[in-house]
Amino acid sequence: MIEIILDEDIKELQKTNLPDPSLLDYYSRLNRREIFWNADVDETLVDFSHQIIQWNIEDKDIPVDQRKSIKIYINTDGGCLNSVLNFINVIRLSKTPVITIGMGKVFSAGFLLLLAGHNRYCFKNTEGLLHSGSFGIMNSTEKVMDYIDHTKKIEKKVKEYVTENCNITTEEYDRNYRNEWYMTSEEMLGYGIVHKIIDDLDDLI
């Protein structure tokens with residue numbers, strides 16, 4: 001028998017509280033241990049830091065080489081340095097392998113995030129950007145000077161992090177980071193920022 005759905009039935013169906021499709025997608029990614037970062041870097045990364053800690057707790061009794069990897073897909077113009085440095089700390093401490101994948105652009109803080117992965121990939125047309133960043137501050141001269149002194153300490157940490165985790169030398173870093181240092185995927189591969197340019201989606205499966 002063919003059932004006829006009347007307008008009244010449709011209205012009743014529309015009243016049904018169906019789950020938000022974006023939430024379904026979000027939880028589906030978490031189930032696959034995937035983080036898709038397609039935004040400016042902000043304090044939301046703290047939530048994902050906690051998620052990586054939780055996955056490590058789940059894996060506590062599993063040998064490292066048998067653990068399900070965590071994948072972080074990155075497409076960003078950059079953003080908050082403090083947030084990304086905290087996230088990097090958690091990634092580097094993670095015993096469960098973390099794979100970072102550069103998508104369209106990995107600029108500024110996104111570049112640093114890409115560099116944190118235990119295994120690092122990007123697509124052929126992914127672009128990277130390394131630079132000194134920027135800040136805006138209006139206050140007394142003394143407070144501005146304090147902030148500059150603090151910024152110099154952070155810049156030193158970032159320099160050590162970059163030069164220790166890829167093939168960029170300290171001389172190259174000092175020469176370029178005050179500028180807008182854009183890199184192609186091939187250049188990032190040459191510097192060891194990524195380990196492979198993806199030419200087959202099976203690389204990510």
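Being a predicted model, the structure only gives us computed values, none of them experimental. Within each chain, residue numbers correspond to sequence positions counted from 1 in written order. A pLDDT threshold of at least 70 governs which residues receive local features in this predicted model, and a stricter bar of 80 or more applies before side-chain atom pairs are shown or counted, although totals over entire chains, interfaces and linings include all residues. Side-chain metrics in this entry use all non-hydrogen atoms of the structure; hydrogen atoms and water are not considered.

(A) The arrangement of the overall build of the chain in detail. Put simply, DSSP marks the helices as runs of H or I at least four residues long and the strands as runs of E at least two long, and each gets a number from the N terminus on. When helices and strands are counted, the chain shows eight helices and seven strands. In the chain, buried positions account for 39% of the 205 residues. Should any heavy atoms of two residues lie within 4.5 Å, those residues are counted as being in contact. Once local pairs closer than 6 in sequence are excluded, the contacts in the chain between residues at least 24 apart make up 67%. As displayed, the chain has an accessible area near 12900 Å², and 53% of this comes from carbon and sulfur atoms. To sort residues, take the accessible area from a 1.4 Å probe on protein chains only and compare it with the maximum for the residue type: under 20% means buried, over 50% means exposed, and anything in between is partly exposed. Per-residue and other accessible areas were derived by the Shrake-Rupley procedure at a 1.4 Å probe size, with only the shown protein chains allowed to occlude residues.

(B) Spotlight on the layout of surface pockets. Cavities and pockets were defined on a 1 Å grid built over protein atoms only: a cavity is a set of grid points that admits a 1.4 Å probe from which the probe cannot escape, a pocket is an open set flanked by protein on both sides within 12 Å along at least five of seven lines, and lining residues are those with an atom within 4 Å of any such point. Grid points are joined across faces, edges and corners, and a volume is the space filled by probe spheres set on the points. As a volume, the second largest pocket reaches approximately 230 Å³. Residue lining of the second largest pocket: 13 residues in total, with Tyr26, Ile35, Phe36, Trp37 and Phe48 positioned closest to the centre. Ten residue types, Ala, Val, Leu, Ile, Met, Phe, Trp, Tyr, Cys and Pro, are classed as nonpolar, four, Asp, Glu, Lys and Arg, as charged, and the remainder, Gly among them, as polar. Taken together, the residues that form the lining of the second largest pocket break down as six nonpolar, four polar and three charged.

(C) Fine view of unusual backbone geometry. Positive phi, normally seen in glycine, also occurs at Arg33, with a value near 60°. Along the polypeptide, Arg33 turns up in the loop between helix H2 (21-31) and strand E1 (34-37). Judged by its relative accessible area of 6%, Arg33 is buried. Backbone geometry at Ser108 places phi at a positive 55°, although glycine is not the residue there.

(D) Structural detail: helix H3 (residues 45-58). Take the residue count of a helix, subtract one, and multiply by 1.5 Å to get its expected span. An ideal rise of 1.5 Å per residue puts 20 Å on 14 residues; H3 measures up with 20 Å between its terminal C-alpha atoms. All buried positions along H3 are accounted for by Leu45, Phe48, Ser49, Gln51, Ile52, Trp55 and Asn56. What you see down the axis of H3 is that its buried residues fit within an arc of 160°, all on one side. Exposed and facing more than 90 degrees away from the buried side of H3 are Asp47, Ile57 and Glu58. Working note: the arc is built from the helix axis to C-beta atom directions.

(E) Just the environment of Arg67, in detail. Structurally, Arg67 can be placed in the loop between H3 and strand E2 (70-76). Overall, Arg67 belongs to the buried group, its relative accessible area being 11%. Here the alpha-carbon distance between Arg67 and Thr96, two residues 29 residues apart in the chain, equals 6.1 Å. Discounting residues that sit within four places of it in the chain, Arg67 has contacts with Asn56, Asp59, Lys60, Ile62, Lys95, Thr96 and Pro97.

(F) Structural detail: helix H4 (residues 81-93). Here H4 spans 18 Å end to end across 13 residues, near enough to the 18 Å set by a 1.5 Å rise per residue. The set of residues buried in H4 consists of Ser83, Val84, Phe87, Ile88, Val90 and Ile91. What you see down the axis of H4 is that its buried residues fit within an arc of 165°, all on one side. Looking at H4, the residues exposed on the side facing more than 90 degrees away from the buried face are Asn82 and Leu93.

(G) How the structure looks around the pattern of salt bridges. Just to be clear on terms, a salt bridge is a Lys or Arg side-chain nitrogen sitting within 4 Å of an Asp or Glu carboxyl oxygen. The final tally for this structure, using the stated rule, is nine salt bridges. With a closest N to O distance of 3.5 Å, Lys124 and Glu186 form a salt bridge. Highlighted residues: Lys124 in the loop between strand E4 (119-123) and strand E5 (127-130) and Glu186 in helix H8 (residues 185-190), separated in sequence by 62 residues. Given a relative accessible area of 41%, Glu186 falls into the partly exposed group. In the salt-bridge network here, residues are joined through shared partners; they are Arg33, Glu58 and Asp59.

(H) Focus on the environment of Leu189. Note that Leu189 resides in helix H8. Of the residues examined, Leu189 reaches a relative accessible area of 36% and is grouped as partly exposed. Leu189 sits 68 residues away from Tyr121 along the chain, and the two C-alpha atoms are 8.8 Å apart. Apart from residues lying up to four places away in sequence, Leu189 is in contact with Val194, His195, Lys196 and Ile197.

Read these as layout, nothing more, since geometry by itself doesn't imply function.
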